Amino acid sequence: MGWQNLLEPLLDFVAPPLCVVCRNPSETLLCPTCEQNLDALRIQKPYCRRCGTPLRGWQCPKCHGRSLQFDRARGAFLYTGPVASVVESLKYQGFRGLSRWMAREMAAVVPRQEEIHGIVPVPLHPARIRERGFSQTRLLARELAALLGIPMIPVLRRVRYTRSQTTLSPQERRRNLRGAFALTVPPDQVQGKTWLLVDDVMTTMTTLNEAARPLRRAGAGRILAVLFAIAP
Ligand SMILES: [Zn+2]
Ligand SMILES: [Zn+2]
(Lines give C-alpha, C1' and ligand atoms only; values in the text may rest on other atoms or scores of the structure.)
(Ligands and ions follow the chains in the order given, each with its own letter.)
Protein backbone atom coordinates (compact mmCIF):
# COMPACT_ATOMS: atom_id res chain seq x y z
CA MET A 1 0.00 0.00 0.00
CA GLY A 2 1.49 3.36 -1.01
CA TRP A 3 1.31 6.67 0.77
CA GLN A 4 -1.53 7.67 -1.50
CA ASN A 5 -3.78 5.06 0.11
CA LEU A 6 -2.97 6.39 3.54
CA LEU A 7 -3.59 9.96 2.56
CA GLU A 8 -6.56 9.33 0.36
CA PRO A 9 -9.24 10.25 2.93
CA LEU A 10 -7.38 13.52 3.52
CA LEU A 11 -6.82 14.27 -0.15
CA ASP A 12 -10.56 14.22 -0.66
CA PHE A 13 -10.69 17.37 1.43
CA VAL A 14 -7.48 19.26 0.81
CA ALA A 15 -6.59 18.62 -2.84
CA PRO A 16 -7.62 21.42 -5.19
CA PRO A 17 -10.66 20.15 -7.06
CA LEU A 18 -9.70 18.80 -10.47
CA CYS A 19 -11.79 17.07 -13.08
CA VAL A 20 -11.01 13.33 -12.83
CA VAL A 21 -10.83 13.02 -16.61
CA CYS A 22 -9.02 16.09 -17.98
CA ARG A 23 -7.34 17.17 -14.71
CA ASN A 24 -8.29 20.79 -15.24
CA PRO A 25 -9.59 22.73 -12.24
CA SER A 26 -13.27 21.99 -11.81
CA GLU A 27 -15.86 22.54 -9.10
CA THR A 28 -17.32 19.12 -9.84
CA LEU A 29 -15.62 15.71 -10.17
CA LEU A 30 -16.36 15.86 -13.88
CA CYS A 31 -16.06 19.23 -15.59
CA PRO A 32 -18.96 20.26 -17.87
CA THR A 33 -16.89 19.57 -21.03
CA CYS A 34 -15.98 16.04 -19.96
CA GLU A 35 -19.52 15.32 -18.80
CA GLN A 36 -20.70 16.33 -22.26
CA ASN A 37 -18.09 14.09 -23.91
CA LEU A 38 -19.24 11.22 -21.73
CA ASP A 39 -22.80 11.78 -22.79
CA ALA A 40 -21.88 10.83 -26.36
CA LEU A 41 -20.58 7.47 -25.09
CA ARG A 42 -23.82 6.30 -23.53
CA ILE A 43 -24.91 2.90 -24.82
CA GLN A 44 -27.96 3.40 -26.99
CA LYS A 45 -30.16 1.09 -28.99
CA PRO A 46 -29.50 -1.15 -30.79
CA TYR A 47 -27.70 -3.23 -28.18
CA CYS A 48 -27.76 -6.96 -27.49
CA ARG A 49 -30.79 -7.84 -25.38
CA ARG A 50 -28.82 -10.45 -23.50
CA CYS A 51 -25.45 -8.88 -22.77
CA GLY A 52 -25.96 -5.18 -23.48
CA THR A 53 -23.15 -4.90 -26.06
CA PRO A 54 -23.88 -2.39 -28.84
CA LEU A 55 -24.82 -4.14 -32.08
CA ARG A 56 -23.62 -3.35 -35.56
CA GLY A 57 -25.18 -6.31 -37.33
CA TRP A 58 -27.78 -8.86 -36.32
CA GLN A 59 -25.51 -11.05 -34.26
CA CYS A 60 -23.94 -9.98 -31.02
CA PRO A 61 -20.15 -9.94 -31.44
CA LYS A 62 -19.73 -10.88 -27.82
CA CYS A 63 -22.26 -13.50 -26.79
CA HIS A 64 -23.37 -15.13 -30.05
CA GLY A 65 -22.76 -18.88 -29.80
CA ARG A 66 -21.67 -18.72 -26.17
CA SER A 67 -23.46 -20.27 -23.26
CA LEU A 68 -24.22 -17.46 -20.86
CA GLN A 69 -24.56 -18.11 -17.16
CA PHE A 70 -26.54 -14.91 -16.61
CA ASP A 71 -29.86 -13.89 -18.11
CA ARG A 72 -29.43 -10.25 -18.92
CA ALA A 73 -26.78 -7.56 -18.60
CA ARG A 74 -26.92 -3.84 -19.25
CA GLY A 75 -24.18 -1.25 -19.24
CA ALA A 76 -24.41 2.53 -19.03
CA PHE A 77 -21.42 3.53 -21.19
CA LEU A 78 -19.02 2.31 -23.84
CA TYR A 79 -15.66 1.53 -22.28
CA THR A 80 -13.39 3.92 -24.13
CA GLY A 81 -11.72 7.35 -23.82
CA PRO A 82 -13.07 9.47 -20.93
CA VAL A 83 -15.21 6.56 -19.69
CA ALA A 84 -12.03 4.53 -19.14
CA SER A 85 -10.50 7.50 -17.27
CA VAL A 86 -13.51 7.59 -14.96
CA VAL A 87 -13.16 3.86 -14.24
CA GLU A 88 -9.43 4.22 -13.58
CA SER A 89 -9.99 7.19 -11.26
CA LEU A 90 -12.34 5.06 -9.22
CA LYS A 91 -10.02 2.04 -9.20
CA TYR A 92 -6.80 3.79 -8.31
CA GLN A 93 -8.02 6.78 -6.33
CA GLY A 94 -11.28 5.53 -4.93
CA PHE A 95 -13.12 8.84 -5.06
CA ARG A 96 -16.28 8.33 -3.06
CA GLY A 97 -18.22 10.98 -4.96
CA LEU A 98 -17.32 9.30 -8.22
CA SER A 99 -18.80 5.96 -7.18
CA ARG A 100 -22.05 7.72 -6.30
CA TRP A 101 -22.21 9.38 -9.70
CA MET A 102 -21.35 6.10 -11.48
CA ALA A 103 -23.99 4.22 -9.49
CA ARG A 104 -26.62 6.76 -10.49
CA GLU A 105 -25.82 6.15 -14.15
CA MET A 106 -25.96 2.40 -13.56
CA ALA A 107 -29.26 2.61 -11.67
CA ALA A 108 -30.81 4.18 -14.75
CA VAL A 109 -30.11 1.10 -16.89
CA VAL A 110 -30.71 -1.75 -14.40
CA PRO A 111 -32.91 -4.38 -16.04
CA ARG A 112 -35.99 -4.24 -13.84
CA GLN A 113 -38.62 -6.61 -15.13
CA GLU A 114 -38.85 -8.39 -11.83
CA GLU A 115 -38.21 -7.81 -8.19
CA ILE A 116 -34.53 -8.10 -7.33
CA HIS A 117 -33.76 -9.92 -4.11
CA GLY A 118 -30.18 -8.77 -3.62
CA ILE A 119 -27.32 -6.85 -5.17
CA VAL A 120 -24.11 -8.84 -5.49
CA PRO A 121 -20.74 -7.18 -6.12
CA VAL A 122 -18.49 -9.26 -8.38
CA PRO A 123 -15.80 -9.95 -5.79
CA LEU A 124 -12.14 -9.08 -6.19
CA HIS A 125 -9.55 -11.36 -4.70
CA PRO A 126 -8.62 -10.37 -1.09
CA ALA A 127 -5.00 -9.84 -2.21
CA ARG A 128 -6.17 -7.33 -4.83
CA ILE A 129 -8.29 -5.52 -2.23
CA ARG A 130 -5.33 -5.34 0.16
CA GLU A 131 -3.15 -3.88 -2.55
CA ARG A 132 -5.79 -1.31 -3.54
CA GLY A 133 -7.22 -0.67 -0.10
CA PHE A 134 -10.83 -1.15 -1.18
CA SER A 135 -13.03 -2.95 -3.68
CA GLN A 136 -14.50 -0.72 -6.36
CA THR A 137 -17.26 -3.23 -7.12
CA ARG A 138 -18.34 -3.17 -3.49
CA LEU A 139 -18.34 0.64 -3.47
CA LEU A 140 -20.55 0.67 -6.56
CA ALA A 141 -22.81 -2.07 -5.23
CA ARG A 142 -23.29 -0.24 -1.94
CA GLU A 143 -24.21 3.02 -3.67
CA LEU A 144 -26.52 1.18 -6.04
CA ALA A 145 -28.20 -0.63 -3.16
CA ALA A 146 -28.92 2.70 -1.46
CA LEU A 147 -30.26 4.23 -4.67
CA LEU A 148 -32.53 1.31 -5.56
CA GLY A 149 -33.58 0.41 -2.03
CA ILE A 150 -32.44 -3.18 -2.54
CA PRO A 151 -30.07 -4.81 -0.03
CA MET A 152 -26.49 -5.59 -0.98
CA ILE A 153 -26.00 -9.29 -0.24
CA PRO A 154 -22.45 -10.41 -1.02
CA VAL A 155 -23.19 -14.07 -1.72
CA LEU A 156 -20.03 -14.53 -3.81
CA ARG A 157 -16.38 -14.72 -2.93
CA ARG A 158 -13.22 -15.15 -4.93
CA VAL A 159 -11.58 -18.46 -4.15
CA ARG A 160 -8.45 -18.35 -6.29
CA TYR A 161 -5.98 -15.65 -7.04
CA THR A 162 -6.04 -15.22 -10.78
CA ARG A 163 -3.34 -13.78 -12.96
CA SER A 164 -4.04 -10.38 -14.39
CA GLN A 165 -6.38 -10.94 -17.30
CA THR A 166 -5.15 -8.22 -19.59
CA THR A 167 -2.44 -10.18 -21.43
CA LEU A 168 -4.47 -13.36 -21.93
CA SER A 169 -6.39 -14.58 -24.95
CA PRO A 170 -10.15 -15.09 -24.49
CA GLN A 171 -9.62 -18.85 -24.18
CA GLU A 172 -6.89 -18.42 -21.58
CA ARG A 173 -9.09 -15.97 -19.68
CA ARG A 174 -11.83 -18.57 -19.46
CA ARG A 175 -9.45 -21.25 -18.23
CA ASN A 176 -7.83 -18.81 -15.82
CA LEU A 177 -11.15 -17.92 -14.20
CA ARG A 178 -12.87 -21.31 -14.16
CA GLY A 179 -13.92 -22.02 -10.58
CA ALA A 180 -12.61 -18.66 -9.35
CA PHE A 181 -15.90 -17.79 -7.62
CA ALA A 182 -17.89 -19.60 -4.95
CA LEU A 183 -20.95 -18.98 -2.80
CA THR A 184 -20.62 -17.56 0.72
CA VAL A 185 -24.04 -18.94 1.71
CA PRO A 186 -25.79 -22.31 1.38
CA PRO A 187 -27.34 -22.81 -2.10
CA ASP A 188 -30.90 -22.76 -0.74
CA GLN A 189 -30.45 -19.09 0.14
CA VAL A 190 -29.76 -18.34 -3.50
CA GLN A 191 -32.25 -20.67 -5.13
CA GLY A 192 -35.26 -19.26 -6.93
CA LYS A 193 -34.35 -15.63 -6.27
CA THR A 194 -33.44 -12.85 -8.67
CA TRP A 195 -29.94 -11.42 -8.24
CA LEU A 196 -28.24 -8.36 -9.66
CA LEU A 197 -24.50 -8.68 -10.23
CA VAL A 198 -22.49 -5.46 -10.19
CA ASP A 199 -19.15 -4.86 -11.87
CA ASP A 200 -17.41 -1.74 -13.16
CA VAL A 201 -16.46 -2.99 -16.62
CA MET A 202 -17.28 -5.89 -18.91
CA THR A 203 -14.60 -6.59 -21.49
CA THR A 204 -14.74 -10.19 -22.75
CA MET A 205 -17.63 -11.14 -20.43
CA THR A 206 -15.58 -13.98 -18.94
CA THR A 207 -15.49 -12.56 -15.41
CA LEU A 208 -19.21 -11.88 -15.34
CA ASN A 209 -20.00 -15.30 -16.75
CA GLU A 210 -17.81 -17.08 -14.21
CA ALA A 211 -19.21 -14.99 -11.34
CA ALA A 212 -22.73 -15.99 -12.39
CA ARG A 213 -21.86 -19.70 -12.58
CA PRO A 214 -22.17 -20.56 -8.84
CA LEU A 215 -25.48 -18.67 -8.71
CA ARG A 216 -26.77 -20.59 -11.71
CA ARG A 217 -25.58 -23.89 -10.24
CA ALA A 218 -27.38 -23.12 -6.97
CA GLY A 219 -30.62 -22.66 -8.91
CA ALA A 220 -30.91 -18.87 -8.83
CA GLY A 221 -34.16 -17.67 -10.38
CA ARG A 222 -32.88 -14.89 -12.64
CA ILE A 223 -29.39 -13.50 -12.82
CA LEU A 224 -29.20 -9.90 -13.99
CA ALA A 225 -26.11 -7.76 -14.24
CA VAL A 226 -25.31 -4.09 -14.46
CA LEU A 227 -22.01 -2.59 -15.56
CA PHE A 228 -20.79 0.97 -15.59
CA ALA A 229 -19.14 0.31 -18.94
CA ILE A 230 -18.99 -2.34 -21.66
CA ALA A 231 -16.06 -2.69 -24.08
CA PRO A 232 -17.19 -2.14 -27.67
ZN1 LIG B 1 -12.78 17.48 -17.56
ZN1 LIG C 1 -24.67 -10.16 -26.56
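Just so you know, the residues in each chain are numbered from 1, in the order the chain's sequence is written. For naming, the first written chain is A and the first written ligand is 1, with later ones following in the order written. Under the rules for a predicted model, residues below a pLDDT of 70 receive no local features and side-chain atom pairs below 80 are neither given nor counted, while totals for whole chains, interfaces and linings still include all residues. Heavy atoms from the whole structure form the basis of all side-chain values; hydrogens and water molecules are not counted.

A.B. asks: Looking at this model, I keep getting lost on the coordination of the zinc ion (ligand 1). Mind explaining?
C.D. replies: Six octahedral donors at a metal ideally form angles of 90 or 180 degrees, and four tetrahedral donors ideally form angles of 109.5 degrees. In this listing, donors mean N, O and S atoms no farther than 2.8 Å from the metal, or 3.2 Å for Na, K and Ca; water is missing from the atoms, so a site can look incomplete. Protein-derived ligands of the zinc ion (ligand 1) are Cys19 (SG), Cys22 (SG), Cys31 (SG) and Cys34 (SG), with the metal-ligand distances lying across 2.3 Å. All geometry calls rest on donor angles, where a four-donor set with angles between 85 and 135 degrees is tetrahedral, four- and six-donor sets with opposite donors more than 155 degrees apart and all others between 65 and 115 are square planar and octahedral, and all else is irregular. Coordination at the zinc ion (ligand 1) comes from four donor atoms whose angles at the metal span 105 to 116°, giving a geometry best classed as tetrahedral.

A.B. asks: How do you make sense of the coordination of the zinc ion (ligand 2) when you look at a structure like this?
C.D. replies: Here the zinc ion (ligand 2) is held by the protein donor atoms Cys48 (SG), Cys51 (SG), Cys60 (SG) and Cys63 (SG), which lie 2.3 Å from it. Its four donor atoms give the zinc ion (ligand 2) angles of 101 to 120° at the centre, a pattern that matches the tetrahedral case. Look at where the donors of the zinc ion (ligand 2) fall in the sequence and you get C-x2-C-x8-C-x2-C. Partly exposed residues are those whose accessible area sits between 20% and 50% of the maximum for their type, while under 20% is buried and over 50% is exposed, using a 1.4 Å probe and protein chains only. For Cys60, a relative accessible area of 8% corresponds to the buried category.

A.B. asks: Please explain helix H7 (residues 170-177) as it appears in this structure.
C.D. replies: Helical geometry note: an α-helix holds 3.6 residues per turn, so side chains three or four residues apart project in the same direction. What counts as a helix is a DSSP run of H or I of at least four residues, what counts as a strand is a run of E of at least two, and both are numbered from the N terminus. Along H7, the residues that are buried comprise Arg173, Asn176 and Leu177. Taken around the axis of H7, the buried residues stretch over an arc of 85°, which confines them to a single face. Along H7, the residues that are exposed and aim more than 90 degrees away from the buried face are Gln171 and Arg175. Looking one or two residues past H7, Gly179 carries a phi angle of roughly 75°, positive in sign. For this quantity, the arc is that covered by the directions from the helix axis to the C-beta atoms.

A.B. asks: What is the right way to look at unusual backbone geometry in this model?
C.D. replies: Across the junction of Lys45 and Pro46, the peptide omega takes the value 0°, indicating a cis bond. With respect to the secondary-structure elements, Pro46 resides in the loop between helix H2 (32-39) and strand E1 (72-78). One non-glycine residue, Met205, lies in the positive phi region at around 80°. Counting through the fold element by element, Met205 comes out in the loop between strand E5 (194-202) and helix H8 (206-217). Assessed through its relative accessible area of 2%, Met205 is described here as buried.

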